[in-house]
2 protein chains.
Amino acid sequence: MLGRLPPLYPLRAFEATARTGSVTAAARELNITHSAVSHQLRSLENYLQVQLFRRSGRGLLLTSEGAALLPEVTFAFEKIISAAAGLERPVMTGELRIGCVPGILNYWLMPRLDDFARTYPELRLRIDAATGPEAIYRSTLDVAILYGDGAWTDLWVKRWNDVYLFPVASPILLNSKPLRSLRDLSKHRLLFAGDHREWQSWLSDADGLSLMKCQKITMSDAYLTTQAAVLGQGVALGDTITSEPLLENGSLIAPFSRKVSGTQRMYVVCRMGGMEDRTVRAFIDWVFASRAGRAVVS
Amino acid sequence: MLGRLPPLYPLRAFEATARTGSVTAAARELNITHSAVSHQLRSLENYLQVQLFRRSGRGLLLTSEGAALLPEVTFAFEKIISAAAGLERPVMTGELRIGCVPGILNYWLMPRLDDFARTYPELRLRIDAATGPEAIYRSTLDVAILYGDGAWTDLWVKRWNDVYLFPVASPILLNSKPLRSLRDLSKHRLLFAGDHREWQSWLSDADGLSLMKCQKITMSDAYLTTQAAVLGQGVALGDTITSEPLLENGSLIAPFSRKVSGTQRMYVVCRMGGMEDRTVRAFIDWVFASRAGRAVVS
DNA sequence: ATTCTTATGTGAATAATTATCACATATTGA
DNA sequence: TCAATATGTGATAATTATTCACATAAGAAT
């Protein structure tokens, strides 16, 4: 190995960017921010002293040097991936205990679980609804997808997805009782998950109104409010992840386009050394690879 | 790129270790410590959940998994190196001004300079003896190989080599005036470079003696004392780098096997943004690749 | 056997790199 | 012209890589 290897992570950023044709797409693929990719590209160009892209405002274009580099690098990385994947190693066996907040569990995880389970047929899966990390601490669960502030001590935590909130209701309900303006909301029943903060934040973002005096029903979690909304029981605050399939198949309608970001975020969590467990890591890798905002499973 | 890339720097450590068959050799090749390589290997095995080496005390042996991985990875890295090297880019031209402490300059740099110059035929080189970083600050020099404590502010500094010191003298001198024991030293003339600290440290390491009362000559740098030793003028403190060729061709003899490490070290230095200059980086890369302790140029 | 020398392993601390955040800038298209 | 979308950037945070200082282990040398 006489020559010198260029910095490898910048190179991987280049590869993904050049292949997808976009910094943003590369960032999504690599599960990092576009900012990180942008920095890496700059540092690679600087290191190689070659311009790899021509910037044209909104998009990038490979220069001839970049175009020459891309296939070689793609090939090399694919070689590495396949070599690493092809290593003989024990089949994944044992039990993996997964926790998940109810909404994501029903509308995101359940429909995709088959994909994961199929990959590790020898793995026994146990799925539990969980709203906090307690079961992880207690070692009753190995991994969990949770909503919160991410400040759970002594746990391995990684941000998974941001959540954006907007009102949703059943088309049947809206048919009988229209919802065209904010004012109309007061004629509806509002469905609260947990506390009132999220609705409050949406309303105040909408026009500075605070909670209007209309009927309110509070339920323990977003899954229940969403289900209630589907059944025409009232207007819930849906989120980008759980409501997506319901909007798509027509079970729900989003009468307002305004979205506010949730007061907290989605995190993937396991115990401190948990990532050393292959099954845990496999699940976490899969969760990030299948992450919302990417290709949707039909 | 569906699969996931394993951590790349650990992978590069694996490649070098597996290819050379030794952690130490890999570390030398990568210009990092064996400790770093060892850590990386462990973390790669841990990540892949595969044992890549079988440890047998003093050496390593590839497992069958490791053996399967090696050629693929070597191939991939070579592909990357050749692709990066093959990029169209301007020939290196202009002037590169190199400074070096006199001893290394004469006994290490000079004999190897041809190798560097041949690689960049369009580059005009200017070589100066330099004992400190002043000329770098003044922008009279672009890079330098210096002896010191490395604490030069506002400069890019990287440790190059440690230096070990031991007495050296001409065989002719020793023929006429033997030097078998420490006591014999007092009958000789000692040659000091700069200050007395280095001799003092060797003597105190040898038997707690401080500077004995024998004749002393002080010269400005180690090149002069070494030359004086070659000419039979006395006993100098040679170092591992500069004395090596002289010991090899018989111009000098090291009557004692005891070595002490120098009070300071060798560093490669340039101005802060200097590494962005391709010629500077090329030289620094070359200096580290040709570093003492590696293959010797005949 | 005992010491020397050479090689690898390890935990804690440091250095360096990579990634994020919070904006800024620029382009396209409604 | 104003959103909406995409990239760029400096400052900061987080993560990785590397060193350090010492431990361990096995051949080689005495």
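Residues numbered from 1 in each chain as written. Chains lettered and ligands numbered in written order. Predicted model: local features only at pLDDT ≥ 70, side-chain atom pairs only at ≥ 80, totals over all residues.

Enquirer: I'd like to hear about the sheet that holds strand E12 (residues 265–271) of chain B, residue by residue, with values.
Expert: Whenever strands of a sheet pair, they do so through backbone hydrogen bonds, lying parallel or antiparallel. Residues and elements named next belong to chain B. Taken together, 5 strands build an open sheet; the order of strands is E4-E3-E5-E12-E6 and the sheet is mixed. The sheet is open, and its two borders are formed by strand E4 (123–129) and strand E6 (155–161), each paired with just one other strand. The average undirected angle you get between the axes of adjacent strands in this sheet is 25 degrees. Note that strand E5 (residues 143–148) and E12 share 6 bridges and pair antiparallel. Bridging across to E12, alanine 144 finds its partner in valine 269. (Pairing = 2+ DSSP bridges. Helix = DSSP H or I, 4+ residues; strand = E, 2+ residues; numbered from the N terminus. Axes fitted to C-alpha atoms, helices over the stretch in contact; angles between N-to-C directions.)

Enquirer: I'd love a proper account of the protein's contact with DNA strand D, names of residues and values included.
Expert: In the vicinity of DNA strand D there are 26 residues, among which Thr24 and Ser35 of chain A together with Thr33, Ser35 and Gly57 of chain B approach most closely. Sort the elements by how many residues they give to the surface near DNA strand D and helix H3 (residues 34–48) of chain A lands first, with 6 residues. Of the residues belonging to the surface near DNA strand D, the class tally is 8 nonpolar, 14 polar and 4 charged. (Near = placed C-beta within 6 Å. Nonpolar A, V, L, I, M, F, W, Y, C, P; charged D, E, K, R; others polar.)

Enquirer: Tell me what's going on with the protein's contact with DNA strand C, and back it up with residues and numbers.
Expert: With respect to spatial proximity, 24 residues lie near DNA strand C, and among them Thr33, Ser35 and Gly57 of chain A together with Thr24 and Ser35 of chain B are the closest. Residue assignment for the surface near DNA strand C shows that the elements contributing at least two residues are helix H1 (8–20) and H3 of chain A together with helix H2 (23–30), helix H3 (34–48) and strand E2 (59–62) of chain B. Considering only residue class, the surface near DNA strand C consists of 8 nonpolar, 12 polar and 4 charged.

Enquirer: Which residues make up the relation of the copies chain A and chain B, and what are the values?
Expert: For the pair chain A and chain B, the relating rotation is 179 degrees, the translation along its axis is 0.2 Å, and the fit reaches an RMSD of 0.2 Å. Both copies are brought into coincidence by an operation consistent with a two-fold rotation axis. When C-alpha distances to the rotation axis are compared across chain A, the minimum falls at alanine 76 of chain A, with a value of 2.3 Å. Both copies contact each other with a shared surface, as 100% of the interface residues of chain A are interface residues in chain B too. (Least-squares fit on C-alpha atoms with pLDDT ≥ 70 in both. Contact = placed C-beta atoms within 7 Å.)

Enquirer: Go over the packing of helix H2 (residues 23–30) of chain A against H3 of chain A, please, and point to the residues and values.
Expert: All names here are of chain A. H3 packs onto H2 with a crossing angle of 110 degrees between their chain directions and a minimal axis gap of 8 Å. With respect to each other, H2 and H3 are oriented roughly perpendicular. Crossing hand, H2 versus H3: right-handed. Facing H2, whose interface residues are Val23, Thr24, Ala26, Ala27 and Leu30, H3 presents His34, Ala36, Val37 and Ser38. Of the residues assigned to the contact of H2 with H3, the class counts are 6 nonpolar, 3 polar and no charged. (Parallel < 35°, antiparallel > 145°, perpendicular 65-115°, else oblique. Left-handed = near helix turned anticlockwise from the far one by under 90°.)

Enquirer: I'd like to hear about the packing of helix H1 (residues 8–20) of chain B against H3 of chain B, residue by residue, with values.
Expert: Residue and element names in this part refer to chain B. Where H1 contacts H3, the two axes come as close as 8 Å, and the packing angle between them is 110 degrees. In terms of axis orientation, H1 runs roughly perpendicular to H3. Taken together, the residues of H3 that come into contact with H1 (itself represented by Tyr9, Pro10, Leu11, Ala13, Phe14 and Thr17) are Val37, Gln40, Leu41, Ser43 and Leu44. Tallied by class, residues from the contact of H1 with H3 come to 8 nonpolar, 3 polar and no charged.

Enquirer: Lay out the interface of chain A and chain B with the relevant residues and their values.
Expert: Listed by partner, the interface residues are 35 residues for chain A and 35 residues for chain B. Breaking the side of chain A that touches chain B down by element, the ones donating at least two residues are H1, H3, helix H4 (64–85) and helix H11 (278–289) of chain A. For the side of chain A that touches chain B, the element with the highest residue contribution is H4 of chain A, accounting for 14 residues. Taken together, the residues of the side of chain A that touches chain B break down into 21 nonpolar, 3 polar and 11 charged.

Enquirer: Explain the domain arrangement of chain A to me, and be specific about the residues and the numbers.
Expert: On domain assignment, one finds that chain A holds domain 1 (8–85), domain 2 (95–163 + 264–289) and domain 3 (164–261). Distance between the C-alpha centres of domain 1 of chain A and domain 3 of chain A: 42 Å. (Domains from an automatic or database assignment.)

Enquirer: Tell me what's going on with the sheet that holds strand E8 (residues 190–193) of chain A, and back it up with residues and numbers.
Expert: Residue and element names in this part refer to chain A. Spatially, the 5 strands line up as an open sheet ordered E9-E8-E10-E7-E11, and their pairing is mixed. For this open sheet the edge positions go to strand E9 (216–219) and strand E11 (260–261), each flanked by a neighbour on one side alone. Note: strand E7 (residues 164–168) against strand E10 (residues 235–239), 4 bridges, orientation antiparallel. Residue pairing across strands places leucine 165 opposite aspartate 239, the latter belonging to E10.

Enquirer: Lay out the confidence of the model for chain A with the relevant residues and their values.
Expert: Residues and elements named next belong to chain A. Per-residue pLDDT for chain A averages 88, and the proportion of residues at 70 or more is 95%. Mean pLDDT across the secondary structure elements of chain A bottoms out at helix H8 (residues 197–207), with 81, and peaks at H1, with 97. Note on residues 294–298: pLDDT under 50 across the span, and 4 contacts to partners over four residues away in sequence or across chains. (pLDDT = per-residue confidence, 0-100.)

Enquirer: Which residues make up helix H8 (residues 197–207) of chain B, and what values go with them?
Expert: All names here are of chain B. Within H8 the residues assigned to the buried category are Glu198, Trp199 and Leu203. Take H8 and look down its axis: the buried residues cluster within an arc of 130 degrees, on one side only. The inward-facing, buried residues of H8 abut strand E7 (164–168), strand E8 (190–193) and strand E10 (235–239). (Buried ≥ 20, exposed ≤ 12 C-beta atoms within 10 Å, placed from the backbone. Arc of directions from axis to C-beta.)

Enquirer: How would you explain the pairing of E8 of chain A if you had to name every residue and give the values?
Expert: Residues and elements named next belong to chain A. The side-chain alternation of E8 yields two buried faces, one formed by Leu190 and Phe192 and the other by Leu191 and Ala193. As paired elements, E8 and E9 share 4 bridges and run parallel to each other. Residue leucine 191 lies in a different strand from E9, and its bridge partner there is isoleucine 217.

Enquirer: Tell me about the pairing of strand E3 (residues 94–100) of chain A, residues and numbers included.
Expert: All names here are of chain A. Across the 7 residues that make up E3, a large majority, 5, are buried. As defined by bridge partners, E3 adjoins strand E4 (residues 123–129) across 7 bridges and the pair is classed as parallel. Note on E4: the bridge partner recorded for leucine 96 is leucine 125. At this point the chain moves from E3, through helix H5 (residues 102–119), to the parallel E4, and the crossover so formed is right-handed. (Right-handed = clockwise from strand over helix to strand, strands pointing away.)

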